[in-house]
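Fold and geometry: a report
Here is how the chains run, residue by residue.
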Amino acid sequence: MAISRNLGNPAPQAPRRSLINDPNARAVFFQILVLGGVALLGWYLVTNVLENLARQNIATGFSFLDREASFAIGESLIAYSPANSYSHALLVGFLNTIKVAVLGIVLATILGTIIGIARLSSNFLVAKLASAFVEIVRNIPVLLQLFFWYAVIGESLPNPRQALNPIPGVFLSNRGMKIPALADDPIWIWVGLSILVAIVGVWFLARWARKRQEATGQQFPIVLASIGVLIAVPLLTWLAGGAPTALDVPELQGFNFRGGSNMSPEFAALLVGLTVYTSSFIAEIVRSGIRAVNWGQTEAASALGLHRGTILRLVVLPQALRIIVPPTTSQYLNLTKNSSLAVAIGYPDLVSVANTTLNQTGQAIEAVAIMMTVYLTISLGISLFMNWYNKHIALVER
Amino acid sequence: MSDTNRTVAPRPGDEVAIELSDVHKWYGEFHVLKGINLSVARGERIVICGPSGSGKSTLIRCINRLEEHQRGKIVVDGVELTNNLKNIDAVRRDVGMVFQHFNLFPHLTVLENCTLAPIWVRKMPKAQAEEIAMKYLKRVRIPDQANKYPGQLSGGQQQRVAIARSLCMSPKVMLFDEPTSALDPEMIKEVLDVMIGLANEGMTMICVTHEMGFARTVANRVIFMDRGEIVEQNEPLEFFNNPQSERTKLFLSQILAH
Ligand SMILES: Nc1ncnc2c1ncn2[C@@H]1O[C@H](COP(=O)(O)OP(=O)(O)O)[C@@H](O)[C@H]1O
Ligand SMILES: [Mg+2]
């Protein structure tokens with residue numbers, strides 16, 4: 001097309017300039033250059049690794065996953081022994097990662113929201129304390145904070161023999177926190193089910209309350225009622241089952257505790273560290289989200305006679321959430337990725353287990369590939385969910 | 001100054017809707033309201049004018065406690081405004097306010113904007129609240145926009161929704177803070193028409209505005225404020241034709257010049 005146009009144009013330098021100076025042609029050229037470079041580098045790395053592996057007699061591929069792991073893992077959500085396979089060990093690590101990430105996200109959201117709102121408080125002391133927390137916490141590298149919490153738990157708590165016993169049955173020591181576990185009894189399954197039933201019940205109750213308000217205008221104390229239902233239903237189930245009180249209480253035997261369930265110092269340090277660090281960022285996001293909602297909105301709602309809580313819930317938060325959700329998503333992703341720092345304090349997360357696997361088998365590429373795939377999947381999952389949620393609340397407006 | 005400040009008291013026998021006596025307010029060191037005395041009778045329509053920064057907004061915002069006064073007494077419909085939250089609630093339920101920048105809730109439809117307070121403050125069934133909302137949306141002549149969002153309306157339409165939103169609470173008093181000064185000229189009339197309609201129905205109104213045509217036709221009384229004081233007040237005809245104080249004359253010459 002350029003040529004046909006140039007036929008009618010006698011200017012001699014026009015055709016030459018069009019190729020070198022054409023931004024599209026340039027862009028394509030540079031993209032080809034970059035792509036070629038990357039391909040070359042990739043080829044070099046892969047052949048190199050394959051050569052090295054061949055020299056060390058290590059087979060490539062994922063067949064090693066079925067071999068016996070033969071290393072112990074400090075804590076696990078599922079049954080595990082060193083006789084299990086590498087794939088089982090990696091699953092344990094994966095579940096440990098999920099455990100700390102999910103709990104961390106929930107706790108960081110709660111703590112961050114509270115601190116973010118506290119920074120907006122008209123109470124000078126509350127606002128300043130919250131500001132100080134945010135400024136200190138978010139300006140110290142998270143790895144340092146993990147070491148700090150690990151040291152606090154490991155150094156400041158006594159050994160199991162002198163364990164602190166703040167509540168009967170609960171023991172705090174440098175081996176972690178021991179709490180009584182529920183003794184085996186079929187009733188606990190029913191109590192668990194009844195909690196599910198209660199949650200569904202609360203959902204129906206909320207629907208009924210909304211319908212009734214629409215029909216009659218009467219308001220229903222839904223928050224109090226929900227709490228009541230959530231407590232009463234499991235409690236009644238427990239009473240109906242004969243109210244068993246048998247507990248598996250931790251007991252000191254020799255140098256450590258027997259029985260009960262345990263929260264390890266590594267897990268506690270990681271959870272506290274990630275929660276505190278991430279909550280400082282979420283606090284800032286919440287604060288700026290609420291601040292971004294024009295003050296005139298609150299004034300107009302007050303002038304109509306609405307109360308503070310109602311204004312926050314029905315006017316300010318729906319508008320603030322749209323600002324808060326996208327940056328909070330990246331904080332959730334950060335927390336999940338930061339959980340891989342667990343390896344530094346010895347919590348057996350996915351990276352830690354994969355690292356041990358790598359060292360034992362030499363299957364570097366495969367181990368790293370597994371880690372990357374898992375983190376990518378978790379991250380994409382969080383992103384997808386938060387995007388869906390964002391659309392959901394955006395739809396409320398338009 | 002006191003000779004120019006002829007108090008036009010509510011006619012005897014008239015019920016008093018709002019009573020301000022010696023109201024003072026400070027923003028830190030800055031004395032915004034310097035002893036305001038004002039009595040508004042039920043059904044009275046008052047226009048407040050004055051230079052920017054003279055305390056007009058602050059004054060009417062004290063009447064529904066969006067601002068707190070530090071000295072003096074404000075009684076609205078027999079209820080004194082103190083720190084008592086019950087009193088503040090009672091006053092806000094009965095006093096509507098329209099803002100310069102509309103302050104509609106952007107995440108709610110026009111209809112939901114109007115039903116929010118009746119449902120949550122008056123505890124009204126939704127159907128009834130919607131019926132009332134539609135009645136007032138018809139009054140301000142935009143019932144067909146009920147299911148749109150504020151962002152989809154013109155400025156004039158938004159301000160009319162804001163008026164309807166206030167009316168849905170059946171207020172006894174309406175406060176207007178420069179309701180037309182953020183509007184394009186061609187939209188001012190549609191909002192003023194709605195306000196004139198309200199006035200004709202006997203609504204007690206306090207209106208901060210520089211629309212002098214509106215003041216002439218609608219107001220019972222025009223108040224001129226400067227530097228936190230009521231400098232002069234009079235019936236519109238007298239006020240415009242025969243201003244007493246130099247400050248009023250200067251202000252009127254500036255405002256009528258364009
Ligand atoms: N929240 C505030 N803090 C400090 N000063 C204020 C505040 N609000 C208003 N002022 C000051 O009080 C004076 C009166 O303001 P305002 O009542 O808004 O005047 P008007 O509505 O007559 O233009 C102005 O000088 C303004 O700067
Ligand atoms: Mg003003």
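Cut-offs and rules
Residues numbered from 1 in each chain as written. Chains lettered and ligands numbered in written order. Predicted model: local features only at pLDDT ≥ 70, side-chain atom pairs only at ≥ 80, totals over all residues. Heavy atoms only, no water. UniProt positions renumbered as here; feature names shortened; annotations may be inferred. Helix = DSSP H or I, 4+ residues; strand = E, 2+ residues; numbered from the N terminus. Core = buried A, V, L, I, M, F, W, Y, C linked by side-chain atoms within 4.5 Å. Buried < 20%, exposed > 50% of the residue type's maximum accessible area, 1.4 Å probe, protein only. pLDDT = per-residue confidence, 0-100. Contact = heavy atoms within 4.5 Å. Near = heavy atom within 4 Å. Polar contact = N/O pair within 3.5 Å; in protein donor to acceptor, adjacent residues only side chain to side chain. Areas by Shrake-Rupley, 256 points an atom, 1.4 Å probe, with all protein chains shown as cover. 1 Å grid on protein atoms, 1.4 Å probe; cavity = no way out; pocket = protein on both sides within 12 Å on 5 of 7 lines; lining within 4 Å. Points joined across faces, edges and corners; volume = space filled by probe spheres on them. Nonpolar A, V, L, I, M, F, W, Y, C, P; charged D, E, K, R; others polar. Salt bridge = Lys/Arg side-chain N within 4 Å of Asp/Glu carboxyl O. Buried area = accessible area lost by both parts, 1.4 Å probe. Axes fitted to C-alpha atoms, helices over the stretch in contact; angles between N-to-C directions. Parallel < 35°, antiparallel > 145°, perpendicular 65-115°, else oblique. Left-handed = near helix turned anticlockwise from the far one by under 90°. Pairing = 2+ DSSP bridges. Right-handed = clockwise from strand over helix to strand, strands pointing away.

Quick notes on the UniProt feature "transmembrane region" (unreviewed entry) in chain A
Taking the UniProt record as the reference, the feature "transmembrane region" (unreviewed entry) is found at residues 27–46, 100–120, 132–152, 187–208, 220–247, 267–286 and 367–389 of chain A. Helix makes up 100% of residues 367–389 of chain A and strand 0%, and the two end C-alpha atoms of the span are 33 Å apart.

Concerning the nonpolar core
Core analysis: the largest hydrophobic core is formed by 97 residues, its most contacted members being Ile18, Leu20, Ile36 and Ile48 of chain B. Broken down by element, the residue count for this core peaks at eleven residues, all from helix α9 (residues 265–292) of chain A.

Looking at the confidence of the model for chain A
All names here are of chain A. A residue-level look at chain A finds 95% of positions with pLDDT of 70 or above and a mean pLDDT of 87. At the level of individual helices and strands, chain A shows its lowest average pLDDT in helix α1 (residues 2–7), which scores 47, and its highest in helix α10 (residues 295–303), which scores 96. This model gives residues 1–8 a pLDDT under 50, and the stretch forms two contacts once residues within four places in sequence are excluded.

Quick word on the environment of glycine 228 of chain B
Residues and elements named next belong to chain B. You can see glycine 228 is positioned in the loop between β9 (221–226) and β10 (229–234). On the basis of relative accessibility, which here comes to 0%, the residue glycine 228 falls in the buried class. In the structure, glycine 228 is positioned 170 residues away from threonine 58 in sequence and 9.1 Å away in space, judged by C-alpha atoms.

Side note on the site of ligand 1
Residues and elements named next belong to chain B. Around ligand 1, the surrounding shell consists of Tyr27, Phe30, Val32, Pro51, Ser52, Gly53, Ser54, Gly55, Lys56, Ser57 and Thr58. Take tyrosine 27: an N or O atom from its side chain is 3.3 Å from a nitrogen atom of ligand 1. Contact between ligand 1 and lysine 56: an oxygen atom at 2.8 Å from a side-chain N or O atom of the residue. Considering ligand 1 on its own, with 560 Å² of exposed area, one finds that the protein chains cover 58% of that surface. Broken down by secondary-structure element, the contributors of at least two residues to the shell around ligand 1 are β2 (30–41) and α1 (56–63). Take the shell around ligand 1: its biggest share by element is three residues, from α1.

Observations regarding the layout of surface pockets
Taken as a whole, the largest pocket encloses approximately 1200 Å³ of empty space. Lining the largest pocket are 28 residues, with Trp295, Thr298, Ser302, Arg308 and Ile311 of chain A sitting closest to its centre. Those elements that provide at least two residues to the lining of the largest pocket are α9, α10 and α11 (308–338) of chain A together with α2 (85–94) of chain B. Its residues assigned to classes, the lining of the largest pocket comprises twelve nonpolar, seven polar and nine charged.

Quick notes on the pattern of salt bridges
All names here are of chain B. All chains considered together, the criterion is met by 20 salt bridges over all chains. Among the ionic pairs, arginine 122 bridges to aspartate 94, the shortest N-O distance being 3.8 Å. Of the two residues, arginine 122 is situated in the loop between α3 (110–120) and α4 (126–139) and aspartate 94 in helix α2; the sequence distance between them amounts to 28 residues.

A word on the interface of chain B and chain A
Contact with chain B, which involves 29 residues of that partner, is made by 26 residues of chain A. For the pair chain B and chain A, the two sides together bury roughly 2500 Å², of which 58% comes from carbon and sulfur. Contact with chain A buries area across many residues of chain B, yet Phe105, His107 and Trp120 of chain B alone supply 27% of it, more than any other trio. Counting the contacts that link chain B with chain A gives two salt bridges. Residues arginine 61 of chain B and glutamate 299 of chain A are paired through a salt bridge, measuring 2.5 Å at the closest nitrogen-oxygen approach. On the surface where chain B and chain A come into contact, there are eight residue pairs in polar contact (both at pLDDT 80 or more).

Quick notes on the packing of helix α5 (residues 155–167) of chain B against helix α6 (residues 185–200) of chain B
All names here are of chain B. The contact between α5 and α6 brings their axes to 8 Å, and the two run at 20°. As judged from the angle between their axes, α5 and α6 are roughly parallel. Between α5 and α6 lies a crossing of right-handed hand. Each of Gly155, Gly156, Gln157, Gln159, Arg160, Ile163 and Leu167 in α5 lies in contact with α6, whose residues at this interface are Met187, Glu190, Val191, Val194, Met195 and Leu198. In terms of residue class, the contact of α5 with α6 is built from seven nonpolar, four polar and two charged.

Notes on the side chain of threonine 328 of chain A
Inspection of the secondary structure puts threonine 328 of chain A in helix α11. Setting aside residues up to four positions removed in sequence, threonine 328 of chain A forms contacts with Ile282 and Ile285 of chain A.

So, the pairing of strand β8 (residues 204–208) of chain B
Walk down a regular strand and you will see the side chains alternate between the two sheet faces. Residue and element names in this part refer to chain B. Burial analysis of β8 places five of its five residues in the buried class, the great majority of the element. With four bridges joining them, strand β3 (residues 45–49) and β8 adopt parallel strand pairing. Each residue of the ladder has a partner; that of isoleucine 48, found in β8, is valine 208. Pairing between strand β7 (residues 173–177) and β8: five bridges, direction parallel. By the bridge assignment, aspartate 177 is partnered in β8 with valine 208. One crossover worth recording links β7 to the parallel β8 by way of α6, and it is right-handed.

Description of the UniProt feature "domain: ABC transporter" (unreviewed entry) in chain B
Here the UniProt feature "domain: ABC transporter" (unreviewed entry) sits at residues 18–252 of chain B. End C-alpha atoms of residues 18–252 of chain B are separated by 27 Å, and the span's content is 39% helix alongside 26% strand.

Notes on the sheet that holds β3 of chain B
All names here are of chain B. Here six strands make up an open sheet; going across it, the order is β6-β7-β8-β3-β9-β10 and the pairing mixed. In this open sheet, the two edge strands, each paired with only one partner strand, are β6 (95–98) and β10. Averaged over all pairs of adjacent strands, the angle between strand axes in this sheet comes to 20°, irrespective of strand direction. Pairing of β3 with β9 involves four bridges; the strand directions are parallel. Along β9, the bridge assignment pairs cysteine 49 with phenylalanine 224. Packed on one face of the sheet, α5 meets β6 and β7 and runs near 170° to β6. Where α6 meets the sheet, it contacts β3, β7 and β8, and its direction lies at approximately 150° from that of β8.

A word on the UniProt feature "domain: ABC transmembrane type-1" (unreviewed entry) in chain A
When the UniProt feature table is mapped onto this chain numbering, "domain: ABC transmembrane type-1" (unreviewed entry) sits at residues 94–386 of chain A. Helix makes up 71% of residues 94–386 of chain A and strand 7%. Its end C-alpha atoms lie 22 Å apart.

Points about the packing of α3 of chain B against α5 of chain B
All names here are of chain B. At their nearest, the axes of α3 and α5 sit 8 Å apart, and the two run at 25° to each other. By the angle between their axes, α3 is roughly parallel relative to α5. Considering how the two elements wind past one another, α3 and α5 form a crossing that is right-handed. Residue-level inspection shows Val110, Asn113 and Cys114 of α3 in contact with α5, the latter providing Val161, Ala164 and Arg165. Residues of the contact of α3 with α5, tallied by class, amount to four nonpolar, one polar and one charged.

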